[in-house]
Amino acid sequence: MKLDHFLLAVREKHPLVHHITNWVTIYDCAQIVKSLGASPVMAHASEEADAMTTLGSALVLNIGTLTSDLIASMKRSIEAAKHKRIPVVLDVCGAGATVFRDRVCAELLDTNGVTVIKGNASEIARVAGLSVATRGVDTGHVREDLVAVAKGLAKTRNAVVVVTGERDIVATADTAYLVANGHPIMAKVVGTGCMANSVIGTFVGASPENPALAAAAGLAAYEIAAEQAAALCPTPMAFKHALFDCLYALTVEDLATRNQVTVAA
Amino acid sequence: MKLDHFLLAVREKHPLVHHITNWVTIYDCAQIVKSLGASPVMAHASEEADAMTTLGSALVLNIGTLTSDLIASMKRSIEAAKHKRIPVVLDVCGAGATVFRDRVCAELLDTNGVTVIKGNASEIARVAGLSVATRGVDTGHVREDLVAVAKGLAKTRNAVVVVTGERDIVATADTAYLVANGHPIMAKVVGTGCMANSVIGTFVGASPENPALAAAAGLAAYEIAAEQAAALCPTPMAFKHALFDCLYALTVEDLATRNQVTVAA
Amino acid sequence: MKLDHFLLAVREKHPLVHHITNWVTIYDCAQIVKSLGASPVMAHASEEADAMTTLGSALVLNIGTLTSDLIASMKRSIEAAKHKRIPVVLDVCGAGATVFRDRVCAELLDTNGVTVIKGNASEIARVAGLSVATRGVDTGHVREDLVAVAKGLAKTRNAVVVVTGERDIVATADTAYLVANGHPIMAKVVGTGCMANSVIGTFVGASPENPALAAAAGLAAYEIAAEQAAALCPTPMAFKHALFDCLYALTVEDLATRNQVTVAA
């Protein structure tokens with residue numbers, strides 16, 4: 001699929017991408033945005049939540065280490081973003097693990113200010129209200145169902161829904177893209193999912209007029225860089241560091257020729 | 001000493017290891033657990049402290065950047081762990097530095113829910129109530145005394161006591177193991193102590209029936225990987241990254257043939 | 001300029017450098033201090049703010065991810081440092097971005113306890129009360145003006161003022177040093193500015209009798225290591241890791257022969 005212009009937009013616009021994110025991978029999220037030529041900001045005081053948000057081209061949220069303070073800042077930031085039509089990307093990290101986490105996800109989505117909801121199969125299933133056991137959801141067998149789940153959630157929440165996995169799904173109510181790039185070693189490294197969310201925020205911030213395809217392009221760019229990094233460095237930590245530098249060096253041609261983005265049947 | 005089965009248990013059971021830990025090395029703690037094939041979780045909201053703890057096979061605590069919020073969550077988590085018989089590993093990071101820190105250590109230990117107390121010589125001496133100057137405690141001269149201190153604290157607190165150093169001590173009230181693996185370059189890297197605590201939590205989580213020997217096996221595995229990493233990369237940051245990948249690649253044979261774990265005389 | 005003794009002082013005194021800093025680069029700040037042979041401490045609970053501060057040879061503050069809790073601890077720590085004549089280094093990270101951030105900067109400086117104020121050109125301009133648009137301030141054209149701005153702020157705040165950029169400025173009310181070392185790749189890596197602040201704190205902690213020249217020496221040492229690292233590793237993440245190890249291996253001769261520190265005309 002032709003996706004070059006999304007990477008060009010990131011590199012030409014250098015979007016400022018504001019984050020309220022978890023403590024574990026906060027550095028990696030900042031550096032992956034910088035590796036794309038964009039500018040990360042991370043701040044979470046409620047006193048400056050709206051001011052900082054409105055300086056940015058996108059707002060990236062991640063509930064990995066959520067606390068009540070962070071949630072309050074996230075809500076204020078979402079309201080500010082809505083008012084200025086700044087896209088908001090939410091990683092529903094750990095949805096389903098605790099009742100508290102599920103409640104926070106619902107509250108953030110109930111703001112109607114989230115542009116992209118991103119999670120793995122079990123997290124998205126949970127956010128979509130499915131009560132099925134989540135282990136094994138991300139298999140070939142139920143993959144087709146998962147596209148339907150993603151589209152349904154996209155419709156309900158009026159948002160783009162991203163389901164990461166062997167093949168990522170990027171769904172609107174009507175259309176779903178599949179992104180088949182990536183490498184299994186990504187699962188051996190803490191933070192690859194959080195960084196994917198920051199990459200999506202960066203691409204959507206640079207191309208807010210088409211968040212679904214921008215998200216798919218971002219995932220493809222990131223995962224092509226992962227393929228290149230895994231070819232250079234086959235062990236997890238060495239791979240991780242190469243991933244940053246491969247994304248930094250990724251060319252428009254790489255994205256044009258190596259992306260495996262298709263429209264789901 | 002024959003320790004293979006402890007590494008096999010980690011790799012077969014993939015324990016979920018929940019952390020409430022410091023902000024400095026939180027990423028490294030997560031990634032070292034993942035490098036072992038286990039699953040790290042880091043979360044600290046009091047609202048989900050018990051729920052998240054009871055999902056895990058072990059609870060890892062570290063007071064490096066303690067605040068009153070974190071302490072409250074740690075206490076709730078310890079209670080939840082006690083109730084479900086989930087082992088709790090506490091790094092008494094910085095004990096002795098401030099009165100506040102000493103008070104928090106005492107409060108956490110007074111819960112009677114800590115399975116493994118881990119620190120360096122001066123920290124353990126402080127937790128044991130010794131008022132001796134701590135500089136120089138970790139020398140050959142007082143090493144024998146330190147075994148007695150560790151055993152005494154193990155008896156008082158009904159816990160396994162780990163004293164890290166050139167030779168680590170892993171003590172119960174009756175027995176002490178010495179772990180002579182490791183490399184001096186570990187002291188040049190921020191976080192090697194915190195990661196050791198997470199490794200102990202992972203091994204104890206996989207083999208809760210024998211926390212002392214599981215802790216010794218974990219330390220040996222981690223420090224054999226450190227020996228291998230130091231041989232490959234003799235500078236601190238390069239060593240650190242190699243440490244993750246050497247631990248990832250560590251074989252059961254490596255642990256069986258290279259461990260220098262003995263019973264203290 | 002002859003600066004060897006400042007590096008020697010760091011390596012002989014191993015200063016303990018206490019930090020209250022941001023969550024993004026907290027690990028890197030700790031490790032860069034350790035790479036110099038000094039001892040980092042990071043803690044931010046208000047209950048131990050003064051006790052921890054007075055154990056140290058310097059206090060390093062960074063407002064990157066400031067919250068009201070952190071600000072309270074910073075103020076308590078500054079008071080403790082003033083009382084014990086411990087130098088305080090403040091990175092006014094993000095000054096000018098929000099009203100909240102500007103207010104906090106002013107409050108921290110109004111304590112009259114800050115020894116070194118450090119920022120990039122636009123941040124320092126903002127702290128100095130200039131209302132000029134900050135974009136483009138750090139250009140050759142206004143560089144001379146910037147020296148005057150730095151000297152003026154140094155006089156007003158009775159502090160050393162460090163302005164980082166292609167050529168760093170280290171100004172007292174009367175004198176300004178220029179540090180022309182460094183490499184453009186530093187701007188591609190999140191945290192190089194925060195680490196510079198920690199390096200300054202380490203050098204000033206070891207040589208508190210001459211904070212301006214100690215700061216210049218620290219910047220030169222760090223940026224010579226960056227030149228060496230960039231020569232070895234031309235991609236951002238590989239460069240970053242080499243930077244730690246080059247600073248670790250930096251010799252007194254490197255600093256003596258390669259520093260480009262001059263007195264501003």
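Residues numbered from 1 in each chain as written. Chains lettered and ligands numbered in written order. Predicted model: local features only at pLDDT ≥ 70, side-chain atom pairs only at ≥ 80, totals over all residues.

Secondary structure summary: chain A contains 11 helices and 9 strands in total. For chain A, the C-alpha radius of gyration of 17 Å lies close to 18 Å, the compact-globule estimate for 265 residues. Projected onto the principal axes, the alpha-carbon positions of chain A cover approximately 40 × 40 × 35 Å. Evaluated residue by residue, chain A yields a buried proportion of 65% over its 265 residues. Long-range pairs, those at least 24 residues apart, make up 73% of the contacts in chain A with a sequence separation of at least 6. (Helix = DSSP H or I, 4+ residues; strand = E, 2+ residues; numbered from the N terminus. Rg over C-alpha atoms; globule rule 2.2 N^0.38 Å. Buried ≥ 20, exposed ≤ 12 C-beta atoms within 10 Å, placed from the backbone. Contact = placed C-beta atoms within 7 Å.)

What follows covers the environment of Phe6 of chain B. Residue and element names in this part refer to chain B. Its place among the elements puts Phe6 in helix α1 (residues 4-13). Owing to 24 C-beta atoms within 10 Å, Phe6 belongs among the buried residues under this scheme. Put simply, Phe6 and Val204 are 198 residues apart on the chain and 8.7 Å apart in space, counted from C-alpha to C-alpha. Apart from residues lying up to four places away in sequence, Phe6 is in contact with Phe203, Ser207, Ala214 and Ala217.

This paragraph deals with the relation of the copies chain A and chain C. Once chain A has been moved 0.0 Å along the axis and rotated by 120°, it coincides with chain C to within an RMSD of 0.0 Å. The symmetry that links the two subunits is that of a three-fold axis. Ranked by how close their C-alpha atoms come to the rotation axis, the residues of chain A are headed by Trp23 of chain A, at 3.9 Å. (Least-squares fit on C-alpha atoms with pLDDT ≥ 70 in both.)

Let us look at the interface of chain A and chain C. Taken together, the contact between chain A and chain C spans 22 residues of the former and 20 residues of the latter. Sorting the residues of the side of chain A that touches chain C by element identifies α2 (26-35), β2 (39-42), α3 (49-55) and α10 (236-249) of chain A as the ones contributing at least two each. Among the elements that take part in the side of chain A that touches chain C, α2 of chain A stands out by supplying 6 residues, more than any other.

Pairing between sheet strands relies on hydrogen bonds along the backbone, with the strands arranged either parallel or antiparallel. All names here are of chain B. On the basis of which strands lie adjacent, the open sheet formed by 9 strands has the order β2-β1-β3-β4-β5-β6-β7-β8-β9 and mixed pairing. Of all strands in the sheet, those with a lone pairing partner are β2 (39-42) and β9 (261-263), marking the two edges. Strand after strand, the sheet turns through a mean of 20° between neighbouring axes, direction not considered. Where strand β3 (residues 58-62) meets strand β4 (residues 88-91), 4 bridges bridge the pair, whose relative direction is parallel. The residue bridging Val60 from the neighbouring strand is Val89, located in β4. Lying on the sheet, helix α9 (residues 211-232) is in contact with β5 (116-120), β6 (160-164), β7 (168-171), β8 (176-179) and β9; it crosses β8 at an angle near 5°. (Pairing = 2+ DSSP bridges. Axes fitted to C-alpha atoms, helices over the stretch in contact; angles between N-to-C directions.)

Take the packing of helix α1 (residues 4-13) of chain C against helix α8 (residues 192-206) of chain C next. Residues and elements named next belong to chain C. Here α1 crosses α8 at 85°, and the two axes come no closer than 8 Å. Comparing the axis directions of α1 and α8 gives the class roughly perpendicular. On α8, the residues that touch Phe6, Ala9, Val10 and Lys13 of α1 are Thr202, Phe203 and Ala206. Its residues placed into classes, the contact of α1 with α8 shows 5 nonpolar, 1 polar and 1 charged. (Parallel < 35°, antiparallel > 145°, perpendicular 65-115°, else oblique. Nonpolar A, V, L, I, M, F, W, Y, C, P; charged D, E, K, R; others polar.)

Any link to function would need more than the numbers given here.
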